[in-house]
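These are the residues of each chain, in order.
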Amino acid sequence: MRVSSKAHYGLRMMTEFAKAYGGGPLSLAEVARVESLPLAYLEQLAGWLRRGGLVESTRGVHGGYRLSRPPEEITVLDIVTVVEGEVAPVECVAHGYEPGSCLREGDCASRPLWQRLKESIDSVLRATTLAELVADQRLMTAFAPMDAGPDADGLFCIEPRPTHSGETVHA
C-alpha cells in the first residue's frame with residue numbers, strides 16, 4: 001500500500017503552516033518553494049483543507065493560509081481524511097460499506113486482517129499531531145550529521161549548517 005501524493009503533499013504543506021503558527025499567514029508560493037512542490041497542486045489541496053476547516057485563508061498582498069486551530073489539535077488523520085477520504089485498505093472495512101454487498105463476506109478469511117490494519121492505521125494517524133511532526137523534524141534536524149572536514153592541522157572540525165527553517169545549528 002502506498003500513500004497518495006494528495007495525502008503526502010497535504011501533510012507537508014500543513015507542517016509548514018504548523019511551523020508558521022502564531023505568525024502571519026504563509027503564502028502557498030513560499031510553501032511550494034520550501035517544500036519543492038508544484039504551486040498549482042498546493043492551491044487545489046489548500047482549497048480542500050479550507051473547506052475541511054483545517055486552514056483559513058486571507059486575501060491580499062500579505063495574505064496566505066494559516067491553521068484554523070493550534071497544531072496540537074490537528075491530527076494527521078484529520079488531514080488525510082480531508083484530502084484523501086477515509087483510510088480503508090479494502091472496500092469492505094470502510095465506514096460506508098453496506099453489509100451483504102460482498103458475496104464472500106461471511107466466508108472471507110482476510111477481512112479480519114484488513115479490519116485490524118485499518119484500525120491500526122487510524123490509531124497511529126489519530127495519535128499523531130502536527131505539533132509532534134514539527135517537533136520531531138526539528139529534533140532530527142538538530143541531530144543530523146553536520147558537514148565535517150579536516151582543518152589546517154588535520155583535525156576534523158564541525159561546521160555549522162543552516163536548518164530547514166534558516167536557523168544555524170552548531171556542534
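In case you missed it, the structure is sitting above this.
Residues numbered from 1 in each chain as written. Predicted model: local features only at pLDDT ≥ 70, side-chain atom pairs only at ≥ 80, totals over all residues. Heavy atoms only, no water.

### Re the nonpolar core
Thought 1: Counting 23 residues, the largest nonpolar core has Met13, Met14, Phe17, Leu49 and Leu67 as its most contacted members.
Thought 2: Broken down by secondary-structure element, the contributors of at least two residues to this core are α1 (5-19), α2 (28-35), α3 (39-51), β2 (64-67), α4 (76-84) and α6 (130-142).
Thought 3: At five residues, α3 tops the list of elements feeding residues into this core.
Thought 4: Those residues within four positions of Leu67 in sequence are excluded, and the remaining contacts are Met14, Phe17, Ala18, Tyr21, Leu54, Val55, Glu56, Ile74 and Leu130. (Core = buried A, V, L, I, M, F, W, Y, C linked by side-chain atoms within 4.5 Å. Buried < 20%, exposed > 50% of the residue type's maximum accessible area, 1.4 Å probe, protein only. Helix = DSSP H or I, 4+ residues; strand = E, 2+ residues; numbered from the N terminus. Contact = heavy atoms within 4.5 Å.)

### Quick word on the pairing of β2
Thought 1: Pairing analysis gives four bridges linking strand β1 (residues 55-58) to β2, with the strands arranged antiparallel. Residue pairing for β2: Val55 is matched across the bridge by Leu67.
Thought 2: Linking β1 back to β2 in an antiparallel pair, the connection comprises five residues, with Gly60 at a positive phi of about 110°. (Pairing = 2+ DSSP bridges.)

### Description of the side chain of Thr15
Thought 1: Mapped onto the fold, Thr15 is located in helix α1.
Thought 2: Discounting chain neighbours no more than four positions away, the residues touching Thr15 are Leu130, Leu133 and Val134.

### Section: α2
Thought 1: Of the positions making up α2, those classed as buried are Leu28, Val31, Ala32 and Glu35. End-on, the buried residues of α2 take up no more than an arc of 100°, which puts them together on one face. (Arc of directions from axis to C-beta.)

### As for the packing of aromatic side chains
Thought 1: Using the criterion set out here, one finds two aromatic pairs in the structure.
Thought 2: Arranged with centres 5.5 Å apart and planes meeting at 80°, the rings of Tyr9 and Tyr41 form a pair that is edge-to-face. Pair noted here: Tyr9 is in helix α1 and Tyr41 is in helix α3, with a separation of 32 residues, a long-range link.
Thought 3: Taking 6.1 Å as the distance between ring centres and 25° as the angle between the ring planes, the aromatic pair formed by Phe17 and Tyr65 counts as stacked. In this pair, Phe17 is assigned in helix α1 and Tyr65 in strand β2, connecting sequence segments 48 residues apart. An identical accessibility class is assigned to Phe17 and Tyr65; each is buried. (Phe/Tyr/Trp six-rings, centres within 6.5 Å; stacked < 30°, edge-to-face > 60°.)

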